[in-house]
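Take a look at the letters that make up each chain.
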Amino acid sequence: MTASSHLRVPLCLGALVAALVLAGCSRPPAAEEPVRAVKVIAVGVSAYDTEPEFSGEVRARVESRLGFRVAGKITRRQAELGQHVQAGQVLAQLDPQDYQLAAEAARAQHAAALTNRDLAAADLKRYRELRAQNFISGADLERRETTFKAAQAQLEQAQAQLTTQGNQANYTTLVADVPGIITAIEAEPGQVVAAGAPVVRVAQDGARDVVFAVPEDKAGRIKAGSPVVVRGWSNDSEFQGQVREVAASADAVTRTYTVKVTVDPATAPALGATVYARPKALSASGAPVLKVPTSALRQEGKGTAVWVLDKSTMTVRSQAVDVMTADGNEAVIARGLEPGMLVVAAGVHVLQPGQKVTIYQDRSAAPAAETAATAVRTPIAPVAAR
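All figures in this text were calculated on a predicted structure; none of them were measured in a lab. (Residues numbered from 1 in each chain as written. Predicted model: local features only at pLDDT ≥ 70, side-chain atom pairs only at ≥ 80, totals over all residues. Heavy atoms only, no water.)

*Asks:* I'd like to hear about the environment of Ser295, residue by residue, with values.
*Replies:* You can see Ser295 is positioned in the loop between strand S18 (288-293) and strand S19 (298-300). For the pair Ser295 and Ala331, spaced 36 residues apart in sequence, the C-alpha separation works out to 9.3 Å. (Helix = DSSP H or I, 4+ residues; strand = E, 2+ residues; numbered from the N terminus.)

As C-alpha coordinates, this is what we get:
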(Lines give C-alpha, C1' and ligand atoms only; values in the text may rest on other atoms or scores of the structure.)
Protein backbone atom coordinates (compact mmCIF):
# COMPACT_ATOMS: atom_id res chain seq x y z
CA MET A 1 0.00 0.00 0.00
CA THR A 2 1.45 3.34 -0.98
CA ALA A 3 1.69 6.42 1.21
CA SER A 4 -1.02 8.15 -0.74
CA SER A 5 -3.38 5.25 -0.01
CA HIS A 6 -2.71 5.60 3.73
CA LEU A 7 -3.70 9.27 3.50
CA ARG A 8 -6.99 8.62 1.64
CA VAL A 9 -8.43 6.36 4.36
CA PRO A 10 -8.47 8.97 7.17
CA LEU A 11 -9.81 11.56 4.73
CA CYS A 12 -12.69 9.30 3.73
CA LEU A 13 -13.46 8.52 7.36
CA GLY A 14 -13.51 12.23 8.23
CA ALA A 15 -15.86 13.03 5.37
CA LEU A 16 -18.19 10.24 6.45
CA VAL A 17 -18.24 11.49 10.06
CA ALA A 18 -18.91 15.05 8.90
CA ALA A 19 -21.78 13.88 6.71
CA LEU A 20 -23.31 11.97 9.64
CA VAL A 21 -22.99 15.02 11.91
CA LEU A 22 -24.65 17.28 9.34
CA ALA A 23 -27.41 14.77 8.83
CA GLY A 24 -28.07 14.68 12.59
CA CYS A 25 -28.29 18.51 12.80
CA SER A 26 -30.75 18.97 9.90
CA ARG A 27 -34.48 19.40 10.74
CA PRO A 28 -36.70 16.36 10.24
CA PRO A 29 -39.42 16.71 7.60
CA ALA A 30 -42.71 18.19 8.93
CA ALA A 31 -45.31 15.61 9.76
CA GLU A 32 -48.44 15.81 7.72
CA GLU A 33 -51.52 17.08 9.58
CA PRO A 34 -53.89 14.19 10.31
CA VAL A 35 -57.09 14.10 8.32
CA ARG A 36 -59.97 14.99 10.65
CA ALA A 37 -63.12 12.94 10.83
CA VAL A 38 -66.23 15.13 10.93
CA LYS A 39 -69.91 14.51 11.40
CA VAL A 40 -71.98 15.75 8.51
CA ILE A 41 -75.67 16.03 7.83
CA ALA A 42 -77.44 16.24 4.51
CA VAL A 43 -79.55 19.37 4.18
CA GLY A 44 -83.11 18.36 3.47
CA VAL A 45 -86.58 19.86 3.54
CA SER A 46 -88.51 19.39 6.78
CA ALA A 47 -91.63 20.82 8.34
CA TYR A 48 -91.55 23.77 10.71
CA ASP A 49 -92.45 22.32 14.12
CA THR A 50 -92.81 25.06 16.70
CA GLU A 51 -94.95 28.16 17.10
CA PRO A 52 -93.84 31.46 18.64
CA GLU A 53 -94.81 31.58 22.30
CA PHE A 54 -94.68 34.58 24.63
CA SER A 55 -94.76 34.74 28.40
CA GLY A 56 -97.67 36.73 29.80
CA GLU A 57 -99.70 37.47 32.89
CA VAL A 58 -103.40 37.31 33.75
CA ARG A 59 -104.72 40.76 34.73
CA ALA A 60 -108.07 42.34 35.39
CA ARG A 61 -109.59 44.31 32.55
CA VAL A 62 -109.91 47.32 34.89
CA GLU A 63 -107.47 47.91 37.75
CA SER A 64 -107.89 51.11 39.82
CA ARG A 65 -105.47 52.86 42.17
CA LEU A 66 -107.64 54.28 44.94
CA GLY A 67 -106.57 57.17 47.16
CA PHE A 68 -108.05 59.76 49.51
CA ARG A 69 -109.46 62.92 47.99
CA VAL A 70 -107.94 64.94 50.83
CA ALA A 71 -104.53 64.98 52.49
CA GLY A 72 -103.87 63.65 55.97
CA LYS A 73 -102.37 61.01 58.21
CA ILE A 74 -103.58 57.42 57.83
CA THR A 75 -104.89 56.11 61.15
CA ARG A 76 -106.30 52.75 60.01
CA ARG A 77 -106.04 50.47 57.00
CA GLN A 78 -108.68 47.76 56.88
CA ALA A 79 -107.76 46.44 53.40
CA GLU A 80 -105.33 43.51 53.13
CA LEU A 81 -103.44 42.19 50.11
CA GLY A 82 -105.46 39.57 48.23
CA GLN A 83 -108.68 40.44 50.06
CA HIS A 84 -111.94 40.47 48.12
CA VAL A 85 -113.94 43.62 48.84
CA GLN A 86 -117.45 44.76 48.02
CA ALA A 87 -118.62 48.15 46.78
CA GLY A 88 -118.87 50.58 49.72
CA GLN A 89 -116.56 48.59 51.99
CA VAL A 90 -114.17 50.73 54.07
CA LEU A 91 -110.55 50.33 52.99
CA ALA A 92 -108.67 52.94 55.05
CA GLN A 93 -109.22 56.05 57.20
CA LEU A 94 -107.48 59.36 57.80
CA ASP A 95 -107.37 61.38 61.01
CA PRO A 96 -110.62 63.42 60.62
CA GLN A 97 -110.11 65.90 63.48
CA ASP A 98 -109.03 68.91 61.41
CA TYR A 99 -111.80 68.37 58.89
CA GLN A 100 -114.41 67.97 61.63
CA LEU A 101 -113.29 71.26 63.19
CA ALA A 102 -113.50 72.96 59.80
CA ALA A 103 -117.01 71.56 59.38
CA GLU A 104 -118.00 72.91 62.82
CA ALA A 105 -116.67 76.36 61.87
CA ALA A 106 -118.64 76.27 58.62
CA ARG A 107 -121.74 75.26 60.55
CA ALA A 108 -121.32 78.26 62.88
CA GLN A 109 -120.86 80.62 59.93
CA HIS A 110 -123.99 79.21 58.40
CA ALA A 111 -125.93 79.85 61.59
CA ALA A 112 -124.69 83.47 61.73
CA ALA A 113 -125.58 84.04 58.08
CA LEU A 114 -129.04 82.58 58.68
CA THR A 115 -129.62 84.97 61.59
CA ASN A 116 -128.52 87.98 59.53
CA ARG A 117 -130.79 86.95 56.69
CA ASP A 118 -133.78 86.56 59.02
CA LEU A 119 -133.09 89.99 60.54
CA ALA A 120 -132.83 91.56 57.10
CA ALA A 121 -136.08 89.85 56.07
CA ALA A 122 -137.90 91.22 59.14
CA ASP A 123 -136.60 94.76 58.47
CA LEU A 124 -137.65 94.53 54.83
CA LYS A 125 -141.18 93.46 55.81
CA ARG A 126 -141.52 96.37 58.27
CA TYR A 127 -140.20 98.93 55.76
CA ARG A 128 -142.60 97.70 53.12
CA GLU A 129 -145.50 98.35 55.48
CA LEU A 130 -144.15 101.85 56.25
CA ARG A 131 -143.75 102.55 52.54
CA ALA A 132 -147.32 101.45 51.94
CA GLN A 133 -148.37 104.17 54.44
CA ASN A 134 -145.99 106.74 52.86
CA PHE A 135 -144.00 107.08 56.09
CA ILE A 136 -140.67 106.42 54.28
CA SER A 137 -139.30 107.13 50.87
CA GLY A 138 -138.81 104.63 48.11
CA ALA A 139 -135.03 104.98 48.44
CA ASP A 140 -135.13 103.74 52.03
CA LEU A 141 -137.12 100.69 50.93
CA GLU A 142 -134.62 99.94 48.16
CA ARG A 143 -131.74 100.06 50.66
CA ARG A 144 -133.51 97.52 52.84
CA GLU A 145 -134.16 95.28 49.85
CA THR A 146 -130.46 95.44 48.95
CA THR A 147 -129.49 94.58 52.52
CA PHE A 148 -131.81 91.57 52.43
CA LYS A 149 -130.35 90.33 49.13
CA ALA A 150 -126.81 90.62 50.50
CA ALA A 151 -127.80 88.67 53.61
CA GLN A 152 -129.43 86.01 51.45
CA ALA A 153 -126.26 85.67 49.33
CA GLN A 154 -124.11 85.34 52.45
CA LEU A 155 -126.42 82.60 53.69
CA GLU A 156 -126.10 80.69 50.41
CA GLN A 157 -122.32 81.05 50.53
CA ALA A 158 -122.23 79.73 54.10
CA GLN A 159 -124.47 76.84 53.08
CA ALA A 160 -122.11 75.88 50.23
CA GLN A 161 -119.12 76.18 52.54
CA LEU A 162 -120.81 73.93 55.09
CA THR A 163 -121.56 71.34 52.42
CA THR A 164 -117.96 71.44 51.17
CA GLN A 165 -116.50 71.03 54.65
CA GLY A 166 -118.91 68.19 55.33
CA ASN A 167 -117.74 66.42 52.19
CA GLN A 168 -114.10 66.97 53.16
CA ALA A 169 -114.77 65.26 56.49
CA ASN A 170 -116.44 62.33 54.69
CA TYR A 171 -113.48 62.01 52.32
CA THR A 172 -111.29 60.95 55.25
CA THR A 173 -112.83 57.48 54.83
CA LEU A 174 -111.68 55.53 51.74
CA VAL A 175 -114.29 53.07 50.41
CA ALA A 176 -114.28 50.67 47.46
CA ASP A 177 -116.14 51.90 44.41
CA VAL A 178 -116.72 48.44 42.92
CA PRO A 179 -116.26 44.82 44.01
CA GLY A 180 -112.80 43.44 43.36
CA ILE A 181 -109.53 42.06 44.75
CA ILE A 182 -106.83 44.07 46.51
CA THR A 183 -103.72 43.56 44.38
CA ALA A 184 -101.37 46.08 46.01
CA ILE A 185 -100.95 48.11 49.21
CA GLU A 186 -99.13 51.39 48.62
CA ALA A 187 -99.48 53.17 52.00
CA GLU A 188 -99.43 52.15 55.65
CA PRO A 189 -100.96 53.50 58.89
CA GLY A 190 -99.03 56.44 60.28
CA GLN A 191 -98.05 57.65 56.82
CA VAL A 192 -99.01 61.18 55.76
CA VAL A 193 -100.36 61.13 52.21
CA ALA A 194 -101.24 63.87 49.75
CA ALA A 195 -104.63 64.19 48.15
CA GLY A 196 -104.94 61.62 45.35
CA ALA A 197 -101.87 59.58 46.36
CA PRO A 198 -102.52 55.84 45.72
CA VAL A 199 -103.21 53.85 48.87
CA VAL A 200 -104.55 50.53 47.53
CA ARG A 201 -104.94 48.95 44.10
CA VAL A 202 -108.16 47.12 43.29
CA ALA A 203 -108.62 44.70 40.36
CA GLN A 204 -112.28 44.84 39.50
CA ASP A 205 -114.32 41.66 39.23
CA GLY A 206 -115.39 40.63 35.75
CA ALA A 207 -113.43 40.50 32.50
CA ARG A 208 -109.85 39.20 32.50
CA ASP A 209 -107.00 39.87 30.05
CA VAL A 210 -103.80 38.03 29.23
CA VAL A 211 -101.10 40.66 28.74
CA PHE A 212 -97.78 39.98 26.97
CA ALA A 213 -95.20 41.89 24.93
CA VAL A 214 -94.00 41.25 21.36
CA PRO A 215 -91.07 42.76 19.42
CA GLU A 216 -91.60 45.42 16.82
CA ASP A 217 -91.29 43.10 13.81
CA LYS A 218 -94.15 40.94 15.14
CA ALA A 219 -96.54 43.64 16.37
CA GLY A 220 -97.73 44.66 12.90
CA ARG A 221 -98.93 41.13 12.11
CA ILE A 222 -101.15 40.83 15.19
CA LYS A 223 -104.58 42.36 14.64
CA ALA A 224 -107.47 42.96 17.01
CA GLY A 225 -109.86 40.00 16.95
CA SER A 226 -107.27 37.40 15.89
CA PRO A 227 -107.24 34.13 17.92
CA VAL A 228 -104.62 33.30 20.53
CA VAL A 229 -104.03 29.99 22.32
CA VAL A 230 -103.21 30.51 25.99
CA ARG A 231 -101.39 27.82 27.99
CA GLY A 232 -101.20 27.75 31.77
CA TRP A 233 -97.76 27.58 33.36
CA SER A 234 -98.70 25.40 36.34
CA ASN A 235 -100.91 22.75 34.69
CA ASP A 236 -100.34 23.13 30.90
CA SER A 237 -104.09 23.51 30.35
CA GLU A 238 -104.99 25.40 27.17
CA PHE A 239 -107.86 27.77 26.49
CA GLN A 240 -108.79 30.14 23.71
CA GLY A 241 -108.50 33.92 23.70
CA GLN A 242 -108.93 36.80 21.31
CA VAL A 243 -106.74 39.85 20.78
CA ARG A 244 -108.51 42.87 22.24
CA GLU A 245 -105.87 45.54 21.93
CA VAL A 246 -102.37 46.09 20.51
CA ALA A 247 -100.39 49.04 21.87
CA ALA A 248 -100.06 51.93 19.42
CA SER A 249 -96.52 52.77 20.57
CA ALA A 250 -93.55 50.83 21.92
CA ASP A 251 -92.57 50.74 25.58
CA ALA A 252 -89.97 53.41 26.30
CA VAL A 253 -87.64 50.96 28.07
CA THR A 254 -88.11 47.54 26.42
CA ARG A 255 -89.12 48.83 22.95
CA THR A 256 -91.76 46.10 22.76
CA TYR A 257 -95.49 46.37 22.08
CA THR A 258 -98.05 45.28 24.67
CA VAL A 259 -100.81 42.94 23.49
CA LYS A 260 -103.98 42.34 25.51
CA VAL A 261 -106.00 39.18 24.92
CA THR A 262 -109.48 38.81 26.34
CA VAL A 263 -110.27 35.44 27.91
CA ASP A 264 -113.28 33.87 29.59
CA PRO A 265 -113.12 34.64 33.35
CA ALA A 266 -114.67 31.25 34.09
CA THR A 267 -111.75 29.34 32.51
CA ALA A 268 -108.93 31.83 33.03
CA PRO A 269 -106.22 31.06 35.64
CA ALA A 270 -106.06 33.02 38.87
CA LEU A 271 -105.37 36.73 38.77
CA GLY A 272 -101.63 37.35 38.37
CA ALA A 273 -100.89 33.82 37.12
CA THR A 274 -98.11 33.30 34.56
CA VAL A 275 -99.27 31.96 31.18
CA TYR A 276 -97.88 31.45 27.67
CA ALA A 277 -99.60 32.92 24.62
CA ARG A 278 -99.33 31.62 21.04
CA PRO A 279 -100.81 34.12 18.54
CA LYS A 280 -102.16 32.29 15.52
CA ALA A 281 -101.22 35.26 13.33
CA LEU A 282 -97.53 34.43 13.89
CA SER A 283 -97.83 30.67 13.38
CA ALA A 284 -95.96 28.99 10.50
CA SER A 285 -96.29 25.42 11.76
CA GLY A 286 -96.08 22.76 9.02
CA ALA A 287 -94.40 24.99 6.43
CA PRO A 288 -91.46 23.36 4.53
CA VAL A 289 -88.10 24.84 5.55
CA LEU A 290 -84.38 24.04 5.53
CA LYS A 291 -82.96 23.39 8.99
CA VAL A 292 -79.50 22.65 10.36
CA PRO A 293 -78.37 21.99 13.94
CA THR A 294 -77.31 25.08 15.84
CA SER A 295 -73.95 23.37 16.45
CA ALA A 296 -73.21 23.74 12.73
CA LEU A 297 -73.32 27.54 12.88
CA ARG A 298 -70.31 29.75 13.48
CA GLN A 299 -69.61 33.45 13.31
CA GLU A 300 -67.57 34.64 10.35
CA GLY A 301 -66.92 38.36 10.30
CA LYS A 302 -70.27 40.06 10.86
CA GLY A 303 -72.34 37.14 9.60
CA THR A 304 -73.10 33.48 10.12
CA ALA A 305 -71.55 30.63 8.15
CA VAL A 306 -71.36 26.82 7.98
CA TRP A 307 -68.78 24.38 6.61
CA VAL A 308 -69.94 22.61 3.43
CA LEU A 309 -68.23 19.35 2.42
CA ASP A 310 -67.17 18.92 -1.20
CA LYS A 311 -67.62 15.18 -1.72
CA SER A 312 -65.41 15.08 -4.83
CA THR A 313 -62.31 16.45 -3.09
CA MET A 314 -63.29 15.65 0.52
CA THR A 315 -62.44 19.22 1.53
CA VAL A 316 -64.54 21.81 3.36
CA ARG A 317 -65.40 25.34 2.32
CA SER A 318 -67.10 28.15 4.21
CA GLN A 319 -70.66 29.01 3.17
CA ALA A 320 -72.39 32.15 4.42
CA VAL A 321 -76.03 31.66 5.47
CA ASP A 322 -78.93 33.79 6.66
CA VAL A 323 -80.69 32.42 9.73
CA MET A 324 -84.42 33.12 9.77
CA THR A 325 -85.25 31.89 13.27
CA ALA A 326 -84.83 28.97 15.63
CA ASP A 327 -86.96 25.84 15.75
CA GLY A 328 -86.09 24.05 18.96
CA ASN A 329 -82.39 23.06 18.74
CA GLU A 330 -82.24 23.71 15.01
CA ALA A 331 -81.80 26.89 13.00
CA VAL A 332 -84.12 27.67 10.11
CA ILE A 333 -82.05 28.82 7.12
CA ALA A 334 -83.49 31.51 4.88
CA ARG A 335 -80.68 31.70 2.28
CA GLY A 336 -77.30 30.12 1.55
CA LEU A 337 -78.06 26.38 1.42
CA GLU A 338 -79.73 23.99 -0.98
CA PRO A 339 -81.23 20.54 -0.35
CA GLY A 340 -78.63 17.80 -0.63
CA MET A 341 -75.63 19.81 0.56
CA LEU A 342 -73.41 18.15 3.19
CA VAL A 343 -72.91 20.42 6.20
CA VAL A 344 -70.46 19.77 9.05
CA ALA A 345 -72.53 19.42 12.20
CA ALA A 346 -69.84 19.22 14.91
CA GLY A 347 -66.31 20.53 15.48
CA VAL A 348 -66.78 23.53 13.21
CA HIS A 349 -64.32 25.74 15.14
CA VAL A 350 -61.23 23.59 14.40
CA LEU A 351 -61.53 23.49 10.62
CA GLN A 352 -59.85 25.64 7.98
CA PRO A 353 -60.93 26.44 4.42
CA GLY A 354 -59.80 23.71 2.01
CA GLN A 355 -58.92 21.28 4.79
CA LYS A 356 -59.23 17.59 3.95
CA VAL A 357 -61.59 15.59 6.13
CA THR A 358 -63.17 12.19 6.33
CA ILE A 359 -66.76 11.40 7.16
CA TYR A 360 -67.23 10.02 10.64
CA GLN A 361 -69.03 6.69 10.38
CA ASP A 362 -71.54 6.17 13.15
CA ARG A 363 -72.22 2.47 13.65
CA SER A 364 -75.78 3.14 14.77
CA ALA A 365 -76.67 5.29 11.78
CA ALA A 366 -76.38 5.05 8.03
CA PRO A 367 -73.35 6.72 6.44
CA ALA A 368 -73.81 10.39 5.78
CA ALA A 369 -72.96 9.94 2.13
CA GLU A 370 -75.84 7.50 1.68
CA THR A 371 -78.17 9.94 3.42
CA ALA A 372 -77.05 12.71 1.09
CA ALA A 373 -77.74 10.51 -1.93
CA THR A 374 -81.35 10.11 -0.84
CA ALA A 375 -81.99 13.78 -0.10
CA VAL A 376 -85.06 14.97 -2.01
CA ARG A 377 -85.17 18.36 -3.60
CA THR A 378 -88.56 19.74 -2.61
CA PRO A 379 -89.67 23.30 -3.50
CA ILE A 380 -89.86 25.50 -0.39
CA ALA A 381 -92.61 28.00 0.20
CA PRO A 382 -91.50 31.28 1.85
CA VAL A 383 -92.04 31.25 5.60
CA ALA A 384 -92.65 34.40 7.59
CA ALA A 385 -90.07 35.05 10.27
CA ARG A 386 -91.07 34.29 13.82
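*Asks:* Could you give an account of the side chain of Gln165, naming the residues involved and the relevant values?
*Replies:* The residue Gln165 is located in helix H3 (residues 138-170) in this model. Of the residues examined, Gln165 reaches a relative accessible area of 16% and is grouped as buried. Residue contacts for Gln165: discarding those within four places in its chain leaves Tyr99, Ala102, Ala103 and Ala106. (Buried < 20%, exposed > 50% of the residue type's maximum accessible area, 1.4 Å probe, protein only. Contact = heavy atoms within 4.5 Å.)

*Asks:* Please set out the pattern of salt bridges residue by residue, giving values where relevant.
*Replies:* Taken as a whole and judged by the stated rule, the model has 21 salt bridges. Here Asp217 makes a salt bridge to Lys218, at a shortest N to O gap of 3.0 Å. Look at Lys218 and you get buried, because its relative accessible area is 7%. As a salt-bridge pair, Arg298 and Glu300 come within 3.2 Å of each other at their nearest N and O atoms. Taking the relative accessible area as the measure of exposure, Arg298 reaches 9% and is therefore buried. Its relative accessible area of 36% is what places Glu300 among the partly exposed residues. Through salt bridges with shared partners, a single network forms among Glu53, Arg231, Glu238 and Arg278. (Salt bridge = Lys/Arg side-chain N within 4 Å of Asp/Glu carboxyl O.)

*Asks:* Requested: an account of the UniProt feature "coiled-coil region" (unreviewed entry) in the chain, with residues and values cited.
*Replies:* Summarizing the sequence annotation, UniProt attributes the feature "coiled-coil region" (unreviewed entry) to residues 141-168 in the numbering used throughout. Helix makes up 100% of residues 141-168 and strand 0%, whereas the separation of the span's terminal C-alpha atoms amounts to 41 Å. (UniProt positions renumbered as here; feature names shortened; annotations may be inferred.)

*Asks:* Just give me the short version of the sheet that holds strand S10 (residues 180-185), but keep the residues and values in it.
*Replies:* The strand order S5-S12-S10-S7 describes an open sheet built from 4 strands, whose pairing is antiparallel. Bordering the open sheet on either side are strand S5 (63-67) and strand S7 (84-85), each of which pairs with just one other strand. Where S7 and S10 come together, 2 bridges link them in antiparallel fashion. Residue pairing across strands places His84 opposite Ile181, the latter belonging to S10. (Pairing = 2+ DSSP bridges.)

*Asks:* Give me the lowdown on the sheet that holds strand S13 (residues 208-214), citing residues and values where you can.
*Replies:* Around the barrel, 6 strands lie side by side as S4-S13-S16-S15-S14-S17; this closed barrel has antiparallel pairing. Averaged over all neighbouring strand pairs, the angle between strand axes comes to 45°, with direction disregarded. Relative to strand S15 (residues 238-246), strand S14 (residues 227-232) runs antiparallel, the two being bridged by 5 bridges. Looking across to S15, one finds that Pro227 is bridged to Gln242. (Axes fitted to C-alpha atoms, helices over the stretch in contact; angles between N-to-C directions.)

*Asks:* Hey, could you go over the packing of helix H2 (residues 97-132) against H3 for me, with residue numbers and the actual values?
*Replies:* Running from N to C, H2 and H3 point in directions that differ by 160°, and their axes come no closer than 8 Å. One finds that H2 runs roughly antiparallel with respect to H3. Considering only the axes of H2 and H3, their crossing is left-handed. The class makeup of the residues in the contact of H2 with H3 is 17 nonpolar, 12 polar and 8 charged. (Parallel < 35°, antiparallel > 145°, perpendicular 65-115°, else oblique. Left-handed = near helix turned anticlockwise from the far one by under 90°. Nonpolar A, V, L, I, M, F, W, Y, C, P; charged D, E, K, R; others polar.)

*Asks:* Residues and numbers for the pairing of strand S12 (residues 198-204), please.
*Replies:* Where S5 meets S12, 5 bridges bridge the pair, whose relative direction is antiparallel. In the strand pairing of S12, Ser64 is matched with Val202. Direction of pairing for S10 relative to S12: antiparallel, over a ladder of 5 bridges. Within S12, the position partnered with Ile181 by the bridge is Ala203.

*Asks:* Tell me about the packing of aromatic side chains, residues and numbers included.
*Replies:* Given two aromatic rings, their pairing is described by the distance between the two centres and the angle made by the two planes. Going through the model one piece at a time under the given rule, you end up with 1 aromatic pair. A cation over a ring is seen here: Arg298 above Trp307, with NZ or CZ 3.9 Å from the ring centre. (Phe/Tyr/Trp six-rings, centres within 6.5 Å; stacked < 30°, edge-to-face > 60°. Lys NZ or Arg CZ within 6 Å of the ring centre and 35° of its normal.)

*Asks:* Quick one: what's the story with the confidence of the model for the chain, residue by residue and with numbers?
*Replies:* For the chain, per-residue confidence averages 84 on the pLDDT scale, and 83% of positions sit at 70 or higher. Looking across the chain, the model is least confident in helix H5 (residues 368-373), with a mean pLDDT of 45, and most confident in strand S8 (residues 90-94), with 96. Overall, residues 1-5 carries pLDDT values under 50, and its contacts beyond four positions in sequence, including any with other chains, amount to 1 contact. Taken as a whole, residues 366-386 scores under 50 in pLDDT and shows 44 contacts with residues more than four places along the chain or in a different chain. (pLDDT = per-residue confidence, 0-100.)

*Asks:* An account of H2 is needed here, citing residue identities and associated values.
*Replies:* Here H2 is 36 residues long and its end C-alpha atoms lie 53 Å apart, about the 52 Å a rise of 1.5 Å per residue gives. Along H2, the positions that sit buried rather than exposed are Tyr99, Ala103, Ala106, His110, Ala113, Arg117, Ala120, Asp123, Leu124 and Tyr127. For H2, the secondary structure elements touched by its buried residues are H3. (Expected span 1.5 Å × (residues − 1).)

*Asks:* Quick one: what's the story with the pairing of S15, residue by residue and with numbers?
*Replies:* Hairpin remark: S14 followed by S15, antiparallel, with 5 residues in the connecting loop; positive phi at Asp236, about 60°. Two elements, S15 and strand S16 (residues 257-263), share 4 bridges in a ladder whose sense is antiparallel. Within the sheet, the bridge partner assigned to Glu245 lies in S16 and is Lys260.

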